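Below, each chain spelled out in residue letters.
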Amino acid sequence: MSTATAAVTARPGKVLADLIPASRAKNIALVIGGAVLTGIAAQIAIPVPGSPVPVTGQTFAALLVGTALGARRGFLALAVYALAGMAGVPWFAEGGSGMAMASFGYVIGLMLASAAVGALARRGADRSMLRTAGTFLLGEAIVYAVGVPYLALSTGMGLTAAIAAGLTPFLLGDVLKAALAMGALPTAWKLADK
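Residues numbered from 1 in each chain as written. Predicted model: local features only at pLDDT ≥ 70, side-chain atom pairs only at ≥ 80, totals over all residues. Heavy atoms only, no water.

Asks: Would you explain helix α7 (residues 159-166) in this entry?
Replies: An α-helix turns once per 3.6 residues; consequently, residues spaced three or four apart project the same way. Of all the positions in α7, only A162, A165 and G166 are classed as buried. End-on, the buried residues of α7 take up no more than an arc of 80°, which puts them together on one face. The elements touched by buried residues of α7 are α5 (104-122) and α6 (129-155). (Buried < 20%, exposed > 50% of the residue type's maximum accessible area, 1.4 Å probe, protein only. Helix = DSSP H or I, 4+ residues; strand = E, 2+ residues; numbered from the N terminus. Arc of directions from axis to C-beta. Contact = heavy atoms within 4.5 Å.)

This is the structure in structure tokens:
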């Protein structure tokens, strides 16, 4: 094992946010910052023909927030994002807000996925390229596991139609998001160790 690999794996139980000295103010700032980052990323939206769900940067941001902040702070950041959007802040995809959107199930899935990837990151899942990619793909699967059935129920689509409109068009983008993460997160750990 190389020195760089040993240094990266020598910190079990930590996420990137833990490298900043701990304080209540830091945790509040990280949670609010994670919510804001997700809201901003959701505005990067590309409509998908035949689907009420656009391609956005929201999923990538939410999984990045969970991985960098850990399960608890990541979940709280996405809960703040969801609650603020439900209260009328127009920062869901395409400037949307409220719970009546067909894509609101994806927002719920983002909270759960953020917590899951954060828990895995605390166990070192963001330290190598392959484990990071796997962590992001698992997070995306969680988002779809909630988002697609919600889409079907909220629109009256059958499950097959909901999969065609709310999952299939996004698979290539999800692979690209996982590839971005598998380069960025292990690199961030290597830089932190220097």
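Further notes follow.
Asks: Where do I start with empty space enclosed by the protein in this structure?
Replies: Space left empty within the atom packing is revealed by a probe, the size of a water molecule, rolled over the atoms. Tallied over the full model, the rule gives one cavity of 30 Å³ or more. Considered as a void within the structure, the largest cavity measures approximately 260 Å³ in volume. What lines the largest cavity is a set of 21 residues, and nearest its centre among them are V53, P54, T56, T59 and Y106. For the lining of the largest cavity, the residue count by class is twelve nonpolar, six polar and three charged. (1 Å grid on protein atoms, 1.4 Å probe; cavity = no way out; pocket = protein on both sides within 12 Å on 5 of 7 lines; lining within 4 Å. Points joined across faces, edges and corners; volume = space filled by probe spheres on them. Nonpolar A, V, L, I, M, F, W, Y, C, P; charged D, E, K, R; others polar.)

Asks: Quick question: what am I supposed to make of the side chain of S114 here?
Replies: Counting through the fold element by element, S114 comes out in helix α5. S114 gets classed as buried once you look at its relative accessible area, which sits at 0%. Side-chain polar atoms of S114 contact the backbone nitrogen of G66, separated by 3.5 Å. Setting aside its immediate chain neighbours within four residues, S114 contacts A62, V65, G66, A71, G74, F75 and L78. (Polar contact = N/O pair within 3.5 Å; in protein donor to acceptor, adjacent residues only side chain to side chain.)

Asks: Any chance you could explain the layout of surface pockets here in plain terms?
Replies: Put simply, the largest pocket is a space of about 150 Å³. Elements that contribute at least two residues to the lining of the largest pocket include exactly β2 (55-56) and α8 (171-192). Of the residues forming the lining of the largest pocket, the biggest block, four residues, is contributed by α8. Looking at the lining of the largest pocket, its residues break down into six nonpolar, three polar and one charged.

Asks: It is not clear to me how the nonpolar core should be interpreted in this structure. Could you clarify?
Replies: Ranked by size, the top nonpolar core spans 45 residues in total, and within it L78, Y81, F92 and Y106 carry the most contacts. Listing elements by their share of this core, those giving two or more residues are α2 (24-42), α3 (58-69), α4 (71-86), α5, α6 and α8. Sorting elements by how many residues they give to this core places α5 first, with eight residues. (Core = buried A, V, L, I, M, F, W, Y, C linked by side-chain atoms within 4.5 Å.)

Asks: How should I be thinking about the packing of α2 against α3 in this particular structure?
Replies: Any two packed helices are characterised by how steeply their axes cross, that is the angle between the axes, and by the distance between the axes. With their axes 7 Å apart at the nearest point, α2 and α3 run at an angle of 160° to one another. With respect to α3, the axis of α2 lies roughly antiparallel. Relative to α3, the crossing made by α2 is right-handed. Facing L30, G34, L37, T38, A41 and A42 of α2, the residues of α3 in contact are Q58, A61, A62, V65 and L69. Considered class by class, the residues forming the contact of α2 with α3 number eight nonpolar, three polar and no charged. (Axes fitted to C-alpha atoms, helices over the stretch in contact; angles between N-to-C directions. Parallel < 35°, antiparallel > 145°, perpendicular 65-115°, else oblique. Left-handed = near helix turned anticlockwise from the far one by under 90°.)

Asks: Just to check I follow, could you spell out the pattern of salt bridges for this structure?
Replies: Where charged atoms from two side chains of opposite charge come close, those side chains can pair. Applying the stated criterion across every chain, the model contains four salt bridges. The salt bridge involving D126 is made with R127; its shortest N-O contact spans 3.2 Å. Under the relative-accessibility criterion, D126 is labelled buried at 1%. Assessed through its relative accessible area of 7%, R127 is described here as buried. Residues participating in the shared-partner salt-bridge network are D18, R73 and R122. (Salt bridge = Lys/Arg side-chain N within 4 Å of Asp/Glu carboxyl O.)

Asks: Mind showing me how you'd approach the packing of α3 against α4 here?
Replies: Put simply, α3 and α4 touch, their axes get as near as 6 Å, and they point 145° apart. When you trace α3 past α4, the crossing you get is right-handed. Of the residues in α4, those in contact with Q58, A62, V65, G66 and L69 of α3 are A71, R73, G74, A77, L78 and Y81. Of the residues contributing to the contact of α3 with α4, the split by class is seven nonpolar, three polar and one charged.

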